[in-house]
Amino acid sequence: MQATTRFTVFRRATRMSVGVTALAASLVVPGHALAAAESDYADTPITVTALKRETTLLDVPVSVSVTSAETLERAHIRDLKDLQSVVPSLRVNQLQSSANTNFYIRGFGNGANNAGIEPSVGLLIDGVYRSRSASMIADFPDVERIEVLRGPQSTLFGKNASAGVISIVTRKPQFNFGGNIEASYGNHNATVIKGMVTGPISDTIAASIAAGYNKRDGIVRDLATGERTNERDRWFTRGQLLFNNNDGLEVRLIGDYGRISENCCAVVNLRQALPTQAIFALGGAVNRPEQAFDDNVFYNFQSSNRIRNWGMSGQIDYDLGGAKLTSITSYRRTDAVTNQDSDFSSADVLGRNFQDLGVKTFTQELRADFDIGERVHVLIGGFYFNERIAQRNEVFWGADARPYANLLVQSLSGGALNIGGFNASDLELIFGGLEAAAAGNPLLQGKYIGQFYQMGTGLNEAYRLKNDAYSIFTQVDFEVADGLTLTGGINYTHDKRRFQTGTTSNDVLAGIDFDDPRYAPFRQQLLFQGALSTQIGQILGLGRGASAAEIGAFAVSSAANNAIFNAVSAGSAAFAAGNANNPVANPLNPLRDLQFFPPFLNVPNAVESGRLSDGDLSFTARLAYDVNPNVNFYASFATGYKAASINLSRDSRPTPADLVTLRAQGLAVTNLSSGSRFANAEDATVFEAGVKGNWGNVSANFAIFKQTIKGFQSNIFTGSGFFLANAGKQSAFGVEFDGSVKAFDKLTLTLSMTYLDPKYDSFVLSGVGDLSGTKAAGVSPFSMSIGAELVEPLGGGNDLIVRLDYHYEAPFNLVEGLPGLVVTDALGQITSADAALAAAREFRQTINDVNGSITFAMENGFEISLWGRNLLNDRTILQIFDSPAQPGSISGYPNQPRTYGIGARMRF
């Protein structure tokens with residue numbers, strides 16, 4: 001069935017490619033009706049700055065989508081998360097907190113609630129790079145357009161643009177007084193008020209100020225506390241000053257400040273496991289998997305987000321006639337304080353998951369662009385980036401952790417080891433007694449009493465990261481012949497990172513080494529009981545291990561059975577004695593899942609320096625040909641670069657090689673296993689060819705590409721932290737088309753389609769085993785956006801505007817697999833990932849999103865609208881992950897249900 005689906009999608013994409021190519025070829029033939037017609041409906045050419053200089057969309061020989069301010073308003077796009085409904089190659093997710101927004105272009109991208117991982121998609125607002133997802137959230141007060149550049153853009157944008165760039169351009173202050181104010185009200189008491197005013201202060205100075213307020217009740221109800229989550233409560237203000245001496249010098253100053261104070265983001269249970277039954281036994285609750293879209297959850301406190309985001313920038317443009325000089329300077333600061341009920345139940349198992357994140361960023365860009373003669377244009381520049389990150393986390397056991405652990409210890413030991421009855425208190429006495437016996441000190445027997453899973457114990461985390469980077473770049477456009485332009489560009493980026501950790505654990509059970517020789521008598525006893533139970537159970541044909549009573553009854557039932565019992569007992573004793581110190585056979589291994597906060601080895605140390613330094617050369621080569629004023633063909637090759645990422649999470653661990661050295665030097669802490677501290681840099685490559693056409697009432701853009709990333713930074717949430725690793729190589733073949741037709745004076749139709757075939761060419765050491773040759777997750781093979789807008793004149797300069805758009809994404813896996821479901825040996829090596837991969841195939845996503853609006857626009861600038869998003873109430877899961885502290889359970893984030901409302905806008 002999957003093969004048929006893939007073939008059907010590819011066949012459709014191929015037919016589309018052939019059809020569009022044939023159409024484009026026919027349109028360039030002189031005399032063709034559309035090409036020759038002078039459209040009465042021709043719009044003003046769309047201006048873009050995708051290549052750091054102003055040009056038209058038709059003349060930009062790269063794959064770029066431009067969303068105008070008018071589209072943003074008519075489609076009621078509230079923030080970047082909504083933008084994907086009109087840009088099919090773009091995918092946006094907001095997960096875990098209000099401070100966490102991730103972007104993907106053409107299936108490439110990453111990022112998470114991990115401050116050490118920068119995104120693969122660069123976001124710029126008025127030319128200022130925003131490095132962290134917490135800095136990327138903004139309503140749209142005075143946006144002029146949003147440009148989405150697809151494919152590697154490192155030649156002009158430096159590091160962290162290996163997948164593409166999103167550039168938001170806002171309106172400059174105007175020397176004519178004007179502005180707008182907007183208010184809307186929707187279901188869930190959604191209230192949005194925003195506006196902008198601009199005007200002159202003098203003949204050479206203009207100013208503007210914009211502000212907005214966005215508040216909404218929580219969409220999801222907490223049935224345990226009676227409160228709500230997935231709410232909106234945020235505001236912002238933004239001011240600009242523009243100086244223009246009317247003689248080539250322009251200075252633009254921008255300052256903004258915003259705050260978010262809201263509960264987010266709801267998590268639902270998708271698969272229950274043994275720990276879920278323990279939560280129920282404590283009187284706690286979680287939703288049933290079949291109720292995932294009922295918008296009800298059960299927590300014991302709300303996940304809160306308190307975010308402050310502000311910054312300032314200054315841009316100086318000086319036109320010297322033959323050259324233009326530009327300087328952009330910025331400083332930004334983000335402070336995000338979040339707290340999450342991370343067991344996602346009404347039981348108080350994890351009582352606190354607190355994070356306090358501070359990010360300070362300074363950037364400086366200098367560039368010059370000029371012409372040499374009539375056929376050569378040169379852009380040259382440099383960029384400097386300085387960032388400081390300070391992060392503090394606290395994850396503690398709650399009041400229900402001890403009784404919860406008691407139930408799990410009984411289940412894990414009784415079910416897996418057939419010893420029954422052990423709980424946390426028993427383990428405290430057993431481990432303490434064994435240590436006392438080994439030391440010959442009876443006082444140690446009570447060492448652990450009351451210590452396991454004590455409320456308020458857990459992990460205190462502290463991380464710091466310093467990042468300095470600079471880029472030097474140039475790009476030259478050479479018009480070889482009329483209409484034929486050859487472009488070459490090069491960028492050198494150097495990135496330096498210094499990180500340190502200060503993380504401590506006081507989780508007592510997690511600090512115990514189950515392989516400790518002092519515990520050999522206990523392990524031997526458990527091995528003997530387990531082996532004896534298993535073999536007697538087989539003899540009796542029970543299909544399970546025999547209980548102590550059943551073993552005793554068998555031993556005395558007859559002389560023959562007694563002899564069998566003695567033989568089996570002797571064999572079991574020999575097996576137990578021979579394997580008491582064998583880590584692979586350790587009967588305590590099933591309890592390792594309960595060692596949730598093991599000791600942490602901090603960096604820097606004698607083996608790990610906590611220092612990374614890397615440099616990269618990125619290239620662009622492109623040939624563009626203007627067939628005529630309406631049609632442009634281009635072919636290009638480009639490389640991209642994403643700097644190394646640091647794993648600032650509790651799953652940050654040394655590499656296997658470093659772990660060997662640490663153990664040899666006696667520096668490894670108890671229960672330390674291998675993992676990763678960082679992922680090395682990504683290197684992207686794209687081969688692309690495309691055609692663009694604009695005939696006034698018809699426009700069409702088509703691109704075909706093959707994009708690869710070597711060293712793709714895969715980042716998977718494990719239920720406790722993040723597994724960060726480099727894939728050997730990830731690639732995608734794709735076809736993109738977007739176009740519009742003004743069918744007649746009143747009706748405009750738009751269509752965008754993307755076909756993608758993404759795969760891991762090589763990824764041996766993923767968190768769920770060898771993924772080489774498999775499809776990359778999180779990428780739909782086919783996505784499509786269709787839009788229609790009807791403008792019906794009503795007389796007197798008034799219009800009725802009806803807009804409808806539909807966004808579709810074919811089914812795809814959300815993740816490659818779930819690390820919590822892999823089976824490992826005592827050395828941490830994966831022995832089976834079948835369950836982890838099967839779970840990923842079970843939870844696939846399909847998107848069918850319909851949005852619409854009806855607007856009555858008056859000649860005097862007043863508009864009133866009825867709008868709706870996700871009108872079909874299509875419900876899906878945005879992401880899945882291993883449930884924290886609940887081995888075997890799966891959780892996920894549901895999407896937003898149908899929203900609708902009424903809005904009014906006044907322009908003046």
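Worth saying up front: this structure is predicted, and the values here are computed from it rather than measured.

### Describing the overall build of the protein chain
Right, on to step 1. Along the protein chain, the regular secondary structure elements total 12 helices and 44 strands.
Right, on to step 2. For 908 residues, the compact-globule estimate of 2.2 N^0.38 gives 29 Å, and the C-alpha radius of gyration of the protein chain, at 31 Å, lies within 12% of that figure.
Right, on to step 3. Along the three orthogonal principal directions, the C-alpha set of the protein chain runs to about 105 × 55 × 55 Å.
Right, on to step 4. Accessible surface for the protein chain amounts to roughly 35600 Å². Of this, 57% is attributable to carbon and sulfur atoms.
Right, on to step 5. When the 75 positive and 87 negative side-chain charges of the protein chain are each reduced to one mean point, those points stand 3 Å apart.

### Remarks on the pattern of salt bridges
Right, on to step 1. Counting across every chain of the model gives 52 salt bridges.
Right, on to step 2. Among the salt bridges present, the one from aspartate 335 reaches arginine 333, with a minimum N-O distance of 3.2 Å.
Right, on to step 3. Taking the relative accessible area as the measure of exposure, aspartate 335 reaches 16% and is therefore buried.
Right, on to step 4. The residue arginine 392 makes a salt bridge to aspartate 356 at a minimum N-O spacing of 3.9 Å. Note that arginine 392 is positioned in strand β22 (residues 376-397) and aspartate 356 in strand β21 (residues 350-372), a separation of 36 residues in sequence.
Right, on to step 5. One continuous salt-bridge network, built from bridges that share partners, spans Glu70, Arg74, Glu789, Arg803 and Asp805.

### A look at the pairing of strand β24 (residues 484-501)
Right, on to step 1. With 18 bridges joining them, strand β23 (residues 458-481) and β24 adopt antiparallel strand pairing. Among the inter-strand pairings, glutamine 475 is bridged to a residue of β24, identified as glycine 489.
Right, on to step 2. Counted between consecutive antiparallel strands, the loop separating β23 from β24 contains 2 residues, among which glycine 483 sits at a positive phi close to 85 degrees.
Right, on to step 3. Where β24 lies against strand β26 (residues 611-628), 15 bridges are found, and the strand directions are antiparallel. Counted as the bridge partner of glycine 489 is threonine 620 from β26.

### Quick notes on the packing of helix α8 (residues 520-540) against helix α9 (residues 548-556)
Right, on to step 1. Relative orientation of the contacting elements α8 and α9 amounts to 65 degrees, with a least axis distance of 10 Å. Where α8 crosses over α9, the two elements pack in a sense that is left-handed. Here α8 contributes Leu532, Ser533, Ile536, Ile539 and Leu540 to the contact with α9, which in turn contributes Glu550, Ile551 and Phe554.
Right, on to step 2. Of the residues contributing to the contact of α8 with α9, the split by class is 6 nonpolar, 1 polar and 1 charged.

### Remarks on the pairing of strand β30 (residues 682-694)
The side chains of a regular strand alternate, residue by residue, between the two faces of the sheet.
Right, on to step 1. Bridge count between strand β27 (residues 631-642) and β30: 12 bridges; the pairing is antiparallel. Of the residues in β30, the one forming a bridge with tyrosine 634 is glycine 690.
Right, on to step 2. In the sheet, β30 pairs with strand β31 (residues 698-710) via 12 bridges, with the strands oriented antiparallel. Looking at the pairing, alanine 684 lines up with isoleucine 709 of β31.

### A closer look at the side chain of threonine 361
Right, on to step 1. As for its placement among the helices and strands, threonine 361 is situated in strand β21.
Right, on to step 2. For threonine 361, the side chain forms a polar contact with the side chain of glutamate 387, separated by 2.6 Å.
Right, on to step 3. For threonine 361, the residues in contact, after removing those within four places along its chain, are Ser131, Ser330, Tyr331, Arg332, Phe385, Asn386 and Glu387.

### A word on the sheet that holds strand β17 (residues 268-271)
Right, on to step 1. The strand order across the open sheet built from 3 strands is β17-β43-β42, with neighbouring strands paired in antiparallel fashion. Single-partner strands in this sheet number two, and they are β17 and β42 (877-882). Taking each pair of neighbouring strands and ignoring which way they run, the sheet shows an average axis angle of 35 degrees.
Right, on to step 2. In this sheet, strand β43 (residues 890-894) lies alongside β17 in antiparallel orientation, the contact comprising 3 bridges. Bridge assignment links asparagine 269 to a residue of β43, and that residue is serine 891.

### Section: the sheet that holds strand β13 (residues 220-222)
Right, on to step 1. Here we have 3 strands laid out as an open sheet, ordered β14-β13-β18, and mixed in their pairing. At either margin of the open sheet sits one strand with a lone partner, and together these are β14 (228-229) and β18 (296-297).
Right, on to step 2. As paired elements, β13 and β18 share 2 bridges and run parallel to each other. Note that in β18 the partner of aspartate 222 across the bridge is valine 297.

### What to know about the confidence of the model for the protein chain
Right, on to step 1. Taken as a whole, the protein chain shows an average pLDDT of 87; of its residues, 91% reach a score of 70 or greater.
Right, on to step 2. Across residues 1-42, where pLDDT falls below 50, the model places 39 contacts with residues more than four positions away in sequence or in other chains.
Right, on to step 3. Note that residues 414-420 has pLDDT below 50 and, in this model, 17 contacts with residues that lie over four places away or in other chains.

### Examining the packing of aromatic side chains
Right, on to step 1. Considering all chains together, one arrives at 22 aromatic pairs under this definition.
Right, on to step 2. Here the aromatic rings of tyrosine 470 and tyrosine 492 are separated by 6.3 Å at their centres, their planes lie at 55 degrees, and the arrangement is tilted. Of this pair, tyrosine 470 sits in strand β23 while tyrosine 492 sits in strand β24, and the two are 22 residues apart along the sequence.
Right, on to step 3. Clustering of aromatic rings is evident, with ring pairs tying together Tyr299, Phe344, Phe717, Phe722, Phe881 and Tyr893.
Right, on to step 4. For the cation-ring pair, lysine 52 lies above phenylalanine 157, with the distance from its terminal atom to the ring centre recorded as 4.9 Å.

Cut-off values and rules
Residues numbered from 1 in each chain as written. Predicted model: local features only at pLDDT ≥ 70, side-chain atom pairs only at ≥ 80, totals over all residues. Heavy atoms only, no water. Helix = DSSP H or I, 4+ residues; strand = E, 2+ residues; numbered from the N terminus. Rg over C-alpha atoms; globule rule 2.2 N^0.38 Å. Areas by Shrake-Rupley, 256 points an atom, 1.4 Å probe, with all protein chains shown as cover. Lys, Arg positive; Asp, Glu negative; His and termini not counted. Charge placed at Lys NZ, Arg CZ, Asp CG, Glu CD. Salt bridge = Lys/Arg side-chain N within 4 Å of Asp/Glu carboxyl O. Buried < 20%, exposed > 50% of the residue type's maximum accessible area, 1.4 Å probe, protein only. Pairing = 2+ DSSP bridges. Axes fitted to C-alpha atoms, helices over the stretch in contact; angles between N-to-C directions. Left-handed = near helix turned anticlockwise from the far one by under 90°. Contact = heavy atoms within 4.5 Å. Nonpolar A, V, L, I, M, F, W, Y, C, P; charged D, E, K, R; others polar. Polar contact = N/O pair within 3.5 Å; in protein donor to acceptor, adjacent residues only side chain to side chain. pLDDT = per-residue confidence, 0-100. Phe/Tyr/Trp six-rings, centres within 6.5 Å; stacked < 30°, edge-to-face > 60°. Lys NZ or Arg CZ within 6 Å of the ring centre and 35° of its normal.

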